[in-house]
Each structure stands twice: as structure tokens, then as C-alpha cells.
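# Understanding the architecture of this molecule
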Amino acid sequence: QVQFVESGGGLVQSGGSLSLSCAASGFTIGVYAMGWYRQAPGKERELVARISNSGGSAIYEDSVKDRFTISRDNGRKTVYLQMNSLKPDDTAVYYCNALNYRTGSPMWNNWGQGTQVTVSS
């Protein structure tokens, strides 16, 4: 059974940093590109960063470029998101999933519980 467990969120002041982790299970993570998505209140879930299956390439949405860094450890079946220079607009619940690297479409419909990130101004 495919499962994602996100952690590392919290409350931080504007300009601060957080490091998120996503533990994946139920599939061979090294075969898939992975991504971090977020959903703010009243908004649709959006993709913010994706990384190739090997970790050799990554793509960021403009809103987080140069502030967020995605990485992965296939041996630990874990994907990370380092978030620096956080802004109030980054406030959201953050999720991970395997995805199609070209389109960004998530691979599975079963999402984890997510981890809440709240940035105060």
C-alpha cells in the first residue's frame, strides 16, 4: 500500500526556515520522480517543487525558486524540502507524492496527512 508521511512543519516568523521530510513506502521510490505540493486555505493544491528519480535534476515553481531546495535519499525512502526566507504566502499544508516529472501530475490519489506550515508576518 502506497503511503506518505510528511513531517517537519510548524510556526515560523517571516524570513525563517523550516525543513520538511516525507517518508514514502509501498513502492520503489527510486523509480519515480517525487514532488512537494501545498494547499492553502480556500485554494487548490499546487506543485511547488519536483525532483527526478535519481535526484539529478529539479524544477521549482517561480514562487519558491531560490528559496526552497528539494532533495531525496532513495536508500532512506525519504524526500526533503528545505525552505528558507519563508513568507506569509508560504502558509499551507504541505504534501508529497510521486509524480510525472514532465507534467507534474501526481502518481497516486492516496495522499498523506500533510504537515502544516504557518508563517507569521
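Preceding block: the structure.
Calculation notes
Residues numbered from 1 in each chain as written. Predicted model: local features only at pLDDT ≥ 70, side-chain atom pairs only at ≥ 80, totals over all residues. Heavy atoms only, no water. Disulfide = S-S within 2.5 Å. Helix = DSSP H or I, 4+ residues; strand = E, 2+ residues; numbered from the N terminus. Buried < 20%, exposed > 50% of the residue type's maximum accessible area, 1.4 Å probe, protein only. Salt bridge = Lys/Arg side-chain N within 4 Å of Asp/Glu carboxyl O. Phe/Tyr/Trp six-rings, centres within 6.5 Å; stacked < 30°, edge-to-face > 60°. Lys NZ or Arg CZ within 6 Å of the ring centre and 35° of its normal.

## Quick notes on the state of the cysteines
Per the counting criterion, the structure on display carries one disulfide. A sulfur-sulfur separation of 1.7 Å characterises the disulfide bridge that pairs Cys22 with Cys96. Handedness here is read from the sign of the S-S torsion; for Cys22 and Cys96, about 40°, the answer is right-handed. Taken together, the residues Cys22 in strand β3 (residues 18-25) and Cys96 in strand β9 (residues 92-99) connect sequence positions 74 residues apart. Taken as a pair, Cys22 and Cys96 share a single burial class, namely buried.

## A few points about the pattern of salt bridges
Scanning the model with the defined rule gives six salt bridges in all. In this structure, Arg50 and Glu61 form a salt bridge, with 3.6 Å as the shortest nitrogen-oxygen distance. Of this pair, Arg50 sits in strand β5 (residues 46-51) while Glu61 sits in the loop between β6 (58-60) and β7 (68-73), and the two are eleven residues apart along the sequence. The partner of Lys65 in a salt bridge is Asp62, with the nearest N and O atoms 3.0 Å apart. You can call Asp62 exposed: its relative accessible area is 66%. One network of salt bridges, with partners in common, ties together Arg38, Glu46, Arg67 and Asp90.

## As for the packing of aromatic side chains
Counted under the stated rule, the structure contains six aromatic pairs. An angle of 90° between the planes, with centres 5.1 Å apart, marks the rings of Tyr37 and Trp111 as edge-to-face. Taken together, the residues span a long stretch of sequence, with Tyr37 in strand β4 (residues 33-39) and Trp111 in the loop between β9 and β10 (115-120) at a distance of 74 residues. Ring plane angle 80° and centroid distance 6.0 Å describe the contact between Tyr95 and Trp111, whose orientation is recorded as edge-to-face. In this pair, Tyr95 is assigned in strand β9 and Trp111 in the loop between β9 and β10, connecting sequence segments 16 residues apart. Look at Tyr95 and you get buried, because its relative accessible area is 12%. Residue Trp111 is classed as partly exposed on the basis of its relative accessible area, which comes to 24%. Members of the aromatic cluster, each reached through a chain of ring pairs, are Phe4, Phe27, Tyr32 and Trp108. If you follow Arg45 out to its NZ or CZ, it ends over the ring of Tyr95, 4.6 Å from the centre. Against the face of Trp111 rests Arg45, its NZ or CZ located 3.8 Å from the ring centre.

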